[in-house]
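A structural walkthrough
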Amino acid sequence: ATRGPGIDRLFTPLKNWRNAVVEREGLDPVVVANNQLLKEIARSAPATLDELRAIDGIRNWQVERYGDEILAVVREVVDEAARAGSGRGRRRRRRR
């Protein structure tokens, strides 16, 4: 039940965000969010803090501290995917 632009499209921007946080705050990457958690976030593409909180493996402090930033990354990628898809028909009919 994937909704949104797909794991691969979201995983890299989430990783880039995490790496920026690591640089900014001097933390270990796994403290901010390990790759498995980033994949779970990418898979579910949460739109709200409650949806983010529901993701397996995320901690309350991560939601409190980084939730808005994570949702902003997801929203940006989802919006970009929607813009890219809106110009051309999402489902192309095959010609026979």
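Whatever comes next refers back to the structure up there.
Description of the structure in this document. (Residues numbered from 1 in each chain as written. Predicted model: local features only at pLDDT ≥ 70, side-chain atom pairs only at ≥ 80, totals over all residues. Heavy atoms only, no water.)

**Points about the pattern of salt bridges**
This structure, assessed with the given rule, holds 6 salt bridges. Of the charged contacts in the structure, one is a salt bridge between R65 and E25, with a shortest N-O distance of 2.7 Å. With R65 in helix 5 (residues 60–86) and E25 in helix 1 (residues 7–25), the pair connects residues that are 40 residues apart, well separated along the chain. Of the charged contacts in the structure, one is a salt bridge between E64 and R53, with a shortest N-O distance of 3.5 Å. Placement of the pair is E64 in helix 5 and R53 in helix 4 (residues 49–53), with a sequence separation of 11 residues. Since its relative accessible area comes to 33%, R53 is described here as partly exposed. (Salt bridge = Lys/Arg side-chain N within 4 Å of Asp/Glu carboxyl O. Helix = DSSP H or I, 4+ residues; strand = E, 2+ residues; numbered from the N terminus. Buried < 20%, exposed > 50% of the residue type's maximum accessible area, 1.4 Å probe, protein only.)

Read these as geometric descriptors, not functional statements.
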